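The chain contents come next:
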Amino acid sequence: ATKDHKVNVEEYWVNVKAEAVELSVLDFLNMEMNLSPKKILVYNLPTGVGEEVIMDKLELFFGKSKNGGGEVDKREFLDDCRSAILTFIDKEVASGLVERKSFHVPFGESSHKVCVAPSLEGSLQDHKMRKLECNRTVLITGIPDIADKDTLRDLLEIHFQNQAT
């Protein structure tokens, strides 16, 4: 419920509105996960090598049939876990690479052992959200620009602390 408050700001009285803050919270999530028939996850990538170089070398290596690969349709670098996802045009390629598990891929002067795992694809089937009212937080609106932000914040905090006691 919204309440009107009269707050003393230095020599002025201002009218502001205070209302409860509601958050949307995820209550239930149902996802369907499947192994992708065309994608692989490549991890244990070398450090000290740039993203573009890594992706070019992976595409070149796994694009060759002599390495068990095939034509790469898409490539994606996952910066947070320093891994890559390669998507092949032919769906027979990924399973063969996953079975071998590791490969020595040339990166310039030396080769580096990278690991291959199946890539998961997920789709959201169902979810439910619920409203959660924050009982210790209020949203204050209608604050006029009559003093600097820090002063206004301090005066509003004092006013609402006094209201709570």
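What you are looking at is a predicted structure, and each value in this text was computed from that prediction instead of being measured. (Residues numbered from 1 in each chain as written. Predicted model: local features only at pLDDT ≥ 70, side-chain atom pairs only at ≥ 80, totals over all residues. Heavy atoms only, no water.)

### Concerning the environment of Lys74
Note the threshold: A run of H or I in DSSP becomes a helix once it reaches four residues, and a run of E becomes a strand once it reaches two; helices and strands are each numbered from the N terminus. When a residue's accessible area, from a 1.4 Å probe over protein chains only, is under 20% of the maximum for its type it is buried; when over 50% it is exposed; and in between it is partly exposed. Between two residues, a contact is recorded if the distance between any of their heavy atoms is within 4.5 Å.
Its location among the elements puts Lys74 in strand 3 (residues 72–78). Exposure remark for Lys74: the relative accessible area of 52% places this residue in the exposed category. Between the alpha carbons of Lys74 and Glu157 there is a distance of 53 Å; along the sequence they are 83 residues apart. The contacts of Lys74, once residues within four sequence positions are left out, are Ile85, Leu86 and Thr87.

### What to know about the UniProt feature "domain: NID" (unreviewed entry) in the chain
Stated formally: UniProt positions are given in the numbering used here, feature names are shortened, and annotations may be inferred rather than shown by experiment.
Taken from the UniProt record, the annotation "domain: NID" (unreviewed entry) applies to residues 2–73 and 84–163. For residues 84–163, the helix share is 29%, the strand share is 54%, and the end-to-end C-alpha distance is 55 Å.

### Remarks on the environment of Ile146
Position of Ile146 relative to the elements: it lies in the loop between strand 6 (110–141) and helix 3 (149–164). Between the alpha carbons of Ile146 and Val14 there is a distance of 9.5 Å; along the sequence they are 132 residues apart. In this structure Ile146 touches Val9, Tyr12 and Val14, once residues within four positions along its chain are discounted.

### Describing a negative patch on the surface
Put simply, the rule is: Exposure above 30% relative accessible area and no salt bridge define the residues that can form patches, which grow by joining like charges within 9 Å and nonpolar side chains of Val, Leu, Ile, Met, Phe, Trp and Tyr within 5 Å. Areas reported as accessible are Shrake-Rupley estimates using a 1.4 Å probe. Residue values count occlusion only from the protein chains shown. Should a side-chain nitrogen of Lys or Arg be within 4 Å of a carboxyl oxygen of Asp or Glu, the pair is scored as a salt bridge. Note that His is not counted, nor are the chain ends; the positive residues are Lys and Arg, and the negative ones are Asp and Glu. Here the site of a charge means atom NZ of a Lys, CZ of an Arg, CG of an Asp or CD of a Glu.
On the surface, Glu10, Glu11, Asp148, Asp154 and Glu157 cluster together to form a negatively charged patch. Using a relative accessible area of 41% as the deciding quantity, one classes Asp154 as partly exposed.

### Let's talk about the pattern of salt bridges
Pairs can form between side chains of opposite charge once their charged atoms are near each other. Tallying each qualifying case throughout the model produces seven salt bridges. In this structure, Asp4 and Lys17 form a salt bridge, with 2.7 Å as the shortest nitrogen-oxygen distance. Of the two residues, Asp4 sits in strand 1 (residues 3–9) while Lys17 sits in strand 2 (residues 12–43), which places them 13 residues apart along the sequence. Measuring nitrogen to oxygen at the nearest pair gives 3.5 Å for the salt bridge that ties Lys39 to Glu121. Of the two residues, Lys39 is situated in strand 2 and Glu121 in strand 6; the sequence distance between them amounts to 82 residues. Judged by relative accessible area, which is 24%, Lys39 ranks as partly exposed. Several salt bridges share partner residues, and in doing so they unite Glu52, Asp56, Glu59 and Arg75 into one network.

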